[in-house]
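As a plain string of letters, each chain reads:
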Amino acid sequence: QVQLVESGGGLVQAGGSLRLSCAASGTIFRLNIMGWYHQAPGEQRKMVATITSGGSTNYADSVKGRFTISRDNAKNTVFLQMNSLKPEDTAVYYCWLAQAADPNSDARGYWGRGTLVTVSS
């Protein structure tokens, strides 16, 4: 099993910054992908950014140039630096990890409980 614990959410004014952290524990395989999704009230959960264990990143168009995802493989931790925050970034942010035991096995995904980010105008 894998447990994901997020931290770093809170209230910030538009234009401000926040840094989210997510620590993974349990059985973590060397090759995996971690990331952040967000879900605003009444909307579906959407991908914000992902990063592979090799460091390849992917971002939603809405956050490119403002958010940076990074990770510490030794500590199984992923970070999301959020700059130039906008009111429309307000959402619950969920940490996500997907991994497979080997290339022939199906990947399994895990979610954290989420941390609320509120951006005031």
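Refer to the structure printed above.
The notes below deal with the structure included here.

Cut-off values and rules
Residues numbered from 1 in each chain as written. Predicted model: local features only at pLDDT ≥ 70, side-chain atom pairs only at ≥ 80, totals over all residues. Heavy atoms only, no water. Core = buried A, V, L, I, M, F, W, Y, C linked by side-chain atoms within 4.5 Å. Buried < 20%, exposed > 50% of the residue type's maximum accessible area, 1.4 Å probe, protein only. Helix = DSSP H or I, 4+ residues; strand = E, 2+ residues; numbered from the N terminus. Contact = heavy atoms within 4.5 Å. Disulfide = S-S within 2.5 Å. Phe/Tyr/Trp six-rings, centres within 6.5 Å; stacked < 30°, edge-to-face > 60°. Lys NZ or Arg CZ within 6 Å of the ring centre and 35° of its normal.

Before going further, it helps to spend a moment on the nonpolar core. Grouped together as the largest cluster of nonpolar side chains are 30 residues, with contacts concentrated most on L4, W36, L80, M82 and Y93. Elements with a minimum of two residues in this core: strand 1 (2-7), strand 3 (18-26), strand 4 (32-39), strand 5 (46-52), strand 7 (67-72), strand 8 (77-82), strand 9 (91-99) and strand 11 (115-120). Other than its neighbours up to four places away in sequence, L4 contacts C22, A23, A24, M34, C95, W96, L97, Y110, W111, G112 and R113.

Within this structure, the stated rule accounts for one disulfide. In this model C22 forms its disulfide with C95; the gap between the sulfur atoms is 2.0 Å. Where C22 bonds to C95 through sulfur, the torsion about that S-S bond is close to -85 degrees, and the disulfide is left-handed. Here C22 is found in strand 3, whereas its partner C95 is found in strand 9, with 73 residues between them in sequence.

Tallied over the entire structure, the rule returns four aromatic pairs. A centroid spacing of 6.5 Å and a plane angle of 90 degrees characterise the contact between Y94 and W111, whose relative ring orientation is edge-to-face. Taken together, the positions of Y94 in strand 9 and W111 in strand 10 (residues 108-111) put the pair 17 residues apart, joining distant regions of the chain. For the ring pair W96 and W111, a centre distance of 6.5 Å and an interplane angle of 45 degrees mean the geometry is tilted. Of this pair, W96 sits in strand 9 while W111 sits in strand 10, and the two are 15 residues apart along the sequence. A residue is classified by how much of its surface remains accessible, and W111, at 39% relative accessible area, is partly exposed. The rings of Y37, Y94, W96 and W111 are connected pair by pair, giving a single aromatic cluster. Above the ring of Y94, the side-chain terminus of R45 is found at 3.6 Å from the ring centroid.

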